[in-house]
Amino acid sequence: MLSDRKYWLEQMLAISDPVLNALSERRLKERMPIECAEIPGASAKEKEELFADRATFTHLEALGRLLSGMAPWLENQLSTGAEEETRSRYAELARAAIDAGTDPESPDYMNFSEGLQPIVDAAFLAQAILRAPVELGQKLEPRVRANVVAALKQTRTRKPVFSNWLLFAATTESALFKLGESDWDSMRVDYALKQHEQWYLGDGAYGDGPEFHWDYYNSFVIQPMLVDVLAAVGDHYAEWDAMRPTIVSRAQRYAEVLERLIGPDGTYPPIGRSLAYRFGAFQSLAQSALLDTLPKSVSGAQVRCALTAAIRRTLEVPGNFTAEGWLSIGFCGHQPGVGERYISTGSLYLCSEVFLPLGLPDTHPFWSSAAEPWTSKKAWSGQAFGLDTALK
């Protein structure tokens, strides 16, 4: 049986291959199928209009979301061995993919300027740059870096929704700073940070805007982008720097909750919207492992085992992929009814966020420690387990 790390790497690369290989040949728009949500009762015209709408955005979704999850592994230069050879090759593929998506002369040039959706997925591409500032930033050719900067700046022409979307603008500006742009907009960062402070509801959870929603958006977007933005630009203002311990503490508590949501068999509650992002629901837990900020009540080994169980439980069900290897709409298998109107093939690559701990070396205790049962596995097998307590 493969080690957990080899299994994770195998699954991440299987998910990434169709996207990166097509982009490296500048043939993503030619090759990638566009599956859209099933809308009950929709007419043929309405279905056609939905397809045309999502086709405008889906390719940037695939690029940004995939690289956001892969970035820590791409940045993790290993000294020797087969994995390092693989990492180096995929880093080159990732840079070629970014080039293909941001070069105005490319047939795969992506939409950064029309509609609201590019605000979202330019930010995931920006988050990838924050997580791999060398491999996906410094190593870009000057021409490509200039194209990336120009593409990211195009999103400034539209106003984000008054919700977690404020963090998309903040993440994009943080990446522009990392790319050396002196005109990065600190106001967009400040607004997102302070508004989310207003939306904090207690016990490690933020509202998605003024209201609380039972979904995974604290993990899909809110907690990870707050942490990454402050890591990138938090030193610029004392008030931002002062936020960091509190924001990390909240992320730790949220990670603690996420670990307890993974059942003994790797299942987890299908609550809220965007379930087609699959195990991307555990991005915040994966990020806490990557950054060595897991709560004291949770060991890296038990998180590794819990996430491995969730990945296996999902991917071992038939239908998650098309015959050509592209992700299909679903939560566990092919379930087109799980998709909301904003879901299409490119959206699904947010699942890659679960793989963030591959950015840790294989000698790190997260990977090298002996397997441990996670909380629900202990609880449901009669073993002792720690009681849960709220964040004060």
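Above this text you will find the structure in question.
Residues numbered from 1 in each chain as written. Predicted model: local features only at pLDDT ≥ 70, side-chain atom pairs only at ≥ 80, totals over all residues. Heavy atoms only, no water.

Asks: Please clarify how the environment of Lys296 should be interpreted in this entry.
Replies: Here Lys296 shows up in the loop between α13 (283-290) and α14 (300-315). Classification of Lys296 as exposed rests on a relative accessible area of 90%. The spacing of Lys296 and Lys153 is 143 residues in sequence and 40 Å in space, taken between C-alpha atoms. (Helix = DSSP H or I, 4+ residues; strand = E, 2+ residues; numbered from the N terminus. Buried < 20%, exposed > 50% of the residue type's maximum accessible area, 1.4 Å probe, protein only.)

Asks: Looking at this structure, how should I read the state of the cysteines?
Replies: Working definition: the covalent bond between the sulfur atoms of two cysteines is a disulfide. Applying the stated criterion across every chain yields a total of 0 disulfides. With no disulfide of its own, Cys36 has Cys351 as its nearest cysteine by sulfur position, at a separation of 18 Å. Look at Cys36 and you get buried, because its relative accessible area is 15%. No disulfide involves Cys332; its sulfur sits 13 Å from that of Cys351, the nearest cysteine. (Disulfide = S-S within 2.5 Å.)

Asks: For this particular structure, what's the right way to read the packing of aromatic side chains?
Replies: Aromatic ring pairs are reported here in terms of the distance separating the ring centres and the angle at which the planes meet. The full count for this structure, using the stated rule, is 20 aromatic pairs. Seen from their ring centres, Tyr268 and Phe331 are 5.2 Å apart, and the 70 degrees between their planes marks the pair as edge-to-face. Of the two residues, Tyr268 sits in the loop between α12 (238-261) and α13 while Phe331 sits in the loop between α14 and α15 (365-368), which places them 63 residues apart along the sequence. On the basis of relative accessibility, which here comes to 7%, the residue Tyr268 falls in the buried class. (Phe/Tyr/Trp six-rings, centres within 6.5 Å; stacked < 30°, edge-to-face > 60°.)

Asks: How do you make sense of the packing of helix α10 (residues 186-198) against α12 when you look at a structure like this?
Replies: Each pair of packed helices can be summarised by the angle the axes make with each other and by the distance between the axes. In the contact formed by α10 and α12, the axes pass within 12 Å of each other and the chain directions differ by 45 degrees. In terms of axis orientation, α10 runs oblique to α12. Every pair of crossing elements has a handedness; the one defined by α10 and α12 is left-handed. Side by side, α10 and α12 meet where Ser186, Val189, Asp190, Leu193, Lys194 and Glu197 of the first sit next to Glu239, Trp240, Met243 and Arg250 of the second. By residue class, the composition of the contact of α10 with α12 is 4 nonpolar, 1 polar and 5 charged. (Axes fitted to C-alpha atoms, helices over the stretch in contact; angles between N-to-C directions. Parallel < 35°, antiparallel > 145°, perpendicular 65-115°, else oblique. Left-handed = near helix turned anticlockwise from the far one by under 90°. Contact = heavy atoms within 4.5 Å. Nonpolar A, V, L, I, M, F, W, Y, C, P; charged D, E, K, R; others polar.)

Asks: Hey, could you run me through α12 in this one?
Replies: For the α-helix, the turn length of 3.6 residues means that residues three or four positions removed from each other point alike. Taking 1.5 Å of rise per residue, the 24 residues of α12 would be expected to cover 34 Å, and the 36 Å separating its terminal C-alpha atoms lies within 8% of that figure. At Arg244, α12 shows its largest bend, some 30 degrees, and a proline, Pro245, comes one to four positions later. Taken residue by residue, α12 has Trp240, Met243, Ile247, Arg250, Ala251, Arg253, Tyr254, Ala255, Glu256, Leu258 and Glu259 as its buried positions. (Expected span 1.5 Å × (residues − 1). Bend = angle between axes of the 7 residues up to and from the residue.)

Asks: What is the right way to read a nonpolar patch on the surface from this model?
Replies: A contiguous nonpolar patch, built from Leu201, Phe212, Trp214 and Ile271 and spanning about 430 Å² of accessible area, is present on the exposed surface. Structurally, Trp214 is set in the loop between β2 (205-206) and α11 (217-233). Classification of Trp214 as exposed rests on a relative accessible area of 65%. (Patch = residues over 30% accessible without salt bridge, like charges linked within 9 Å, V, L, I, M, F, W, Y side chains within 5 Å. Areas by Shrake-Rupley, 256 points an atom, 1.4 Å probe, with all protein chains shown as cover. Salt bridge = Lys/Arg side-chain N within 4 Å of Asp/Glu carboxyl O.)

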